[in-house]
Structures are given as C-alpha cells and as structure tokens.
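Structural overview for review
Letter by letter, the chains look like this.
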Amino acid sequence: MRIGIGFDVHKLVLGRKLVLGGVVIPFEKGLLGHSDADVLVHAINDALLGACALGDIGKHFPDTDPEYKDIDSIILLKKVKDLLKDRGYRVINVDSVICAQRPKLAPYIDEMRRNIADTLGIAVEQISIKATTTEGLGFEGREEGISAQAVCLIEKFLD
C-alpha cells in the first residue's frame, strides 16, 4: 500500500465557469487555468501520481501543451487512473477538502463524489469530499481563489 498527497490552488476570475469535481457550479466567477482549473480533481490527480512516485500533473499534462487547453480535468483523472493501472495499482480511497469562502458547495458534493468514483472505477463510498471556509481569512477568505487538498491510498494488485 502507498499513500499520496496533493494540493492545488487557482485564482477566481470573471468570465470563466466554476468547475469542481467535474461539476459546473453556478457562480459569478470561475477558476483561471490552462485546463478547466478544477482544483479538486487536480489535487486528487497529484495525490494519485505522488503515491506512485510519478511526479505531478504539470509533468504529465503541461500547461504549455495546447492539447490540454480548457480540457475537462475528469479526462485527466481518467488518464492518471490508467497510468496507475498500467503499473498494477488501484485506488483504495481518496479523502479531500475544498477551501472556498463562496459559493456554498454542500449541494454539489454528492455529484462530485459520483463523478470521481465513476472515473476511478470505485464505489462512491471510497471518495470523501469536504468543503470549508477560512472564516474570511487569506486569499480564499477574500474570494481571490479556491484551494483543495487530497490524500489517497492505493494498493498493488499485480506483481
């Protein structure tokens, strides 16, 4: 068994969709990035890649590559899952937290969990997503950006 940790942050801007966990969330701002800037899925991708000592998403999906411009991060998660599978690993569980002052994310968490579980080919009970605020402190509290952290446990299924 191996564990991994991931972290991501993106700036909130006008004129972009807000996508978290593969869910488009109604909000006046979205996250700025080369892809859809889904900080939750990016943090999960980094946790999974880290658990396999495969680097980070920037190594595998560089923001200098036009192929990844505005790409749905769920597609990147599928590619990461395939990288793990090719090395004989499967996901046991993912635990994550999104830090955003607004919007309120509770109504969207179940759909996020389903999207991620379906993409990874595991049960929704193996995915935990929590949302929190910083009580108005820091860049998240000032609504300048959103961050996410994730940890995962993977296991070898092939030798």
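Below you will find a few notes about this structure. (Residues numbered from 1 in each chain as written. Predicted model: local features only at pLDDT ≥ 70, side-chain atom pairs only at ≥ 80, totals over all residues. Heavy atoms only, no water.)

Next up on the list: the nonpolar core. Formed by 48 residues in total, the largest nonpolar core has its most connected members in L20, L48, I116, L120 and I154. Among the elements that take part in this core, helix α1 (residues 39-51) stands out by supplying 9 residues, more than any other. Excluding residues within four positions of it along the chain, I116 makes contact with G21, L40, V41, I44, L77, I127 and I129. (Core = buried A, V, L, I, M, F, W, Y, C linked by side-chain atoms within 4.5 Å. Buried < 20%, exposed > 50% of the residue type's maximum accessible area, 1.4 Å probe, protein only. Helix = DSSP H or I, 4+ residues; strand = E, 2+ residues; numbered from the N terminus. Contact = heavy atoms within 4.5 Å.)

A word on the sheet that holds strand β4 (residues 30-31). With mixed pairing, 5 strands are arranged side by side in an open sheet as β4-β1-β7-β5-β6. Edge strands, defined here as strands with exactly one partner in the open sheet, are β4 and β6 (127-132). Strand direction decides the pairing type here: strand β1 (residues 2-13) and strand β7 (residues 145-156), joined by 10 bridges, are antiparallel. Each residue of the ladder has a partner; that of R2, found in β7, is I154. With respect to the sheet, α1 is in contact with β1, β4, β5 (89-99), β6 and β7, its orientation differing from that of β1 by roughly 155 degrees. (Pairing = 2+ DSSP bridges. Axes fitted to C-alpha atoms, helices over the stretch in contact; angles between N-to-C directions.)

With that settled, the discussion passes to unusual backbone geometry. Across the junction of R102 and P103, the peptide omega takes the value -5 degrees, indicating a cis bond. Inspection of the secondary structure assignment puts P103 in the loop between β5 and α4 (109-120). Although it is not a glycine, E143 adopts a positive phi angle of roughly 60 degrees. Along the chain, E143 falls in the loop between α5 (138-141) and β7.

This model, assessed by the stated rule, comprises 1 aromatic pair. Aromatic side chains F61 and Y68 sit 5.3 Å apart centroid to centroid with 75 degrees between the ring planes, which places their arrangement in the edge-to-face category. Comparing F61 with Y68, the two get one shared label, buried. (Phe/Tyr/Trp six-rings, centres within 6.5 Å; stacked < 30°, edge-to-face > 60°.)

Moving on, we get to the pattern of salt bridges. Applying the stated criterion across every chain, the model contains 9 salt bridges. With its nearest N and O atoms 2.6 Å apart, the salt bridge here joins R102 to E28. Of this pair, R102 sits in the loop between β5 and α4 while E28 sits in the loop between β3 (23-25) and β4, placing them 74 residues apart in sequence. A salt bridge links D70 to K69; the shortest N-O distance between them is 3.9 Å. Relative accessible area serves as the criterion here: at 46%, K69 is assigned to the partly exposed category. Residues joined in a network through salt bridges with shared partners are R16, K69 and D70. (Salt bridge = Lys/Arg side-chain N within 4 Å of Asp/Glu carboxyl O.)

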